[in-house]
Amino acid sequence: MPDLRSYLQGVWRLERMLVDGRIGQGGSMAGTALFAPSGRDRLLYSESGILRFGAYEGTAEQSYFYDFDAPSHASISRHDGQFFHELDLSRGRAAVSHVCGDDQYRGVYGAADADEWWVEWQVAGPRKDQRITTRYRRL
């Protein structure tokens, strides 16, 4: 992945599968994700869609900032500016992690081809036991 910023920029279809091991329940989300320029070396990631989890069905939204200091490297932060993790997809696949209180997020990103990529998260700790898999396809 020589140019992560160019690769990500644009509109993507997202499909997410969620499993909560604490309650033995799963769910899904379908929607879109937009990577839009937000300054010289920054993309704003905005996702929205329909979340189905147990009896719940409703809209869900999330946003992050991707700041680029090298062509294949981004620092990702939440919409409130809190640092989330680094991402280097120069080899097409990357392992990442994030600590949130006592919970540990371990993720793997992968680029399947020019129009498809994915991320898988395992979240473990006293408050969480989750597996979250998201697939993105370019629109």
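A quick note: this is a predicted structure, and the numbers were derived from the prediction, not measured.

Procedures and definitions
Residues numbered from 1 in each chain as written. Predicted model: local features only at pLDDT ≥ 70, side-chain atom pairs only at ≥ 80, totals over all residues. Heavy atoms only, no water. Pairing = 2+ DSSP bridges. Helix = DSSP H or I, 4+ residues; strand = E, 2+ residues; numbered from the N terminus. Axes fitted to C-alpha atoms, helices over the stretch in contact; angles between N-to-C directions. Core = buried A, V, L, I, M, F, W, Y, C linked by side-chain atoms within 4.5 Å. Buried < 20%, exposed > 50% of the residue type's maximum accessible area, 1.4 Å probe, protein only. Contact = heavy atoms within 4.5 Å. Phe/Tyr/Trp six-rings, centres within 6.5 Å; stacked < 30°, edge-to-face > 60°. Polar contact = N/O pair within 3.5 Å; in protein donor to acceptor, adjacent residues only side chain to side chain.

(A) Representation of the sheet that holds strand β4 (residues 56-70). Taken in spatial order, the 10 strands of this open sheet run β6-β5-β4-β3-β2-β1-β10-β9-β8-β7, and their pairing is antiparallel. Each edge of the open sheet is held by one strand with a lone partner, namely β6 (83-88) and β7 (93-100). For this sheet the average axis-to-axis angle between neighbouring strands, irrespective of direction, equals 20 degrees.

(B) Structural view of the nonpolar core. Core analysis: the biggest nonpolar cluster contains 31 residues, and Leu 8, Tyr 66, Leu 87, Tyr 109 and Trp 121 have the highest contact counts within it. Setting aside residues up to four positions removed in sequence, Leu 87 forms contacts with Leu 4, Tyr 66, Ser 72, His 73, Ala 74, Ile 76, Ala 94, Val 96 and Tyr 109.

(C) The packing of aromatic side chains, seen in detail. With the rule as written, the count across this model stands at 14 aromatic pairs. Between Tyr 45 and Tyr 136 the ring centres are 6.4 Å apart and the planes differ by 75 degrees, which places this aromatic pair in the edge-to-face class. Taken together, the positions of Tyr 45 in strand β3 (residues 42-53) and Tyr 136 in strand β10 (residues 129-138) put the pair 91 residues apart, joining distant regions of the chain. Consider the rings of Tyr 105 and Trp 121, whose centres lie 6.1 Å apart with planes at 75 degrees: the pair is edge-to-face.

(D) Main features of the side chain of Glu 47. Along the chain, Glu 47 turns up in strand β3. Its relative accessible area of 8% is what places Glu 47 among the buried residues. At 2.8 Å, the side chain of Glu 47 forms a polar contact with the side chain of Arg 16. Ignoring any residue separated from it by four or fewer positions in sequence, one finds Glu 47 in contact with Leu 14, Arg 16, Met 29, Thr 32, Ala 33, Ala 60, Glu 61, Gln 62 and Tyr 136.

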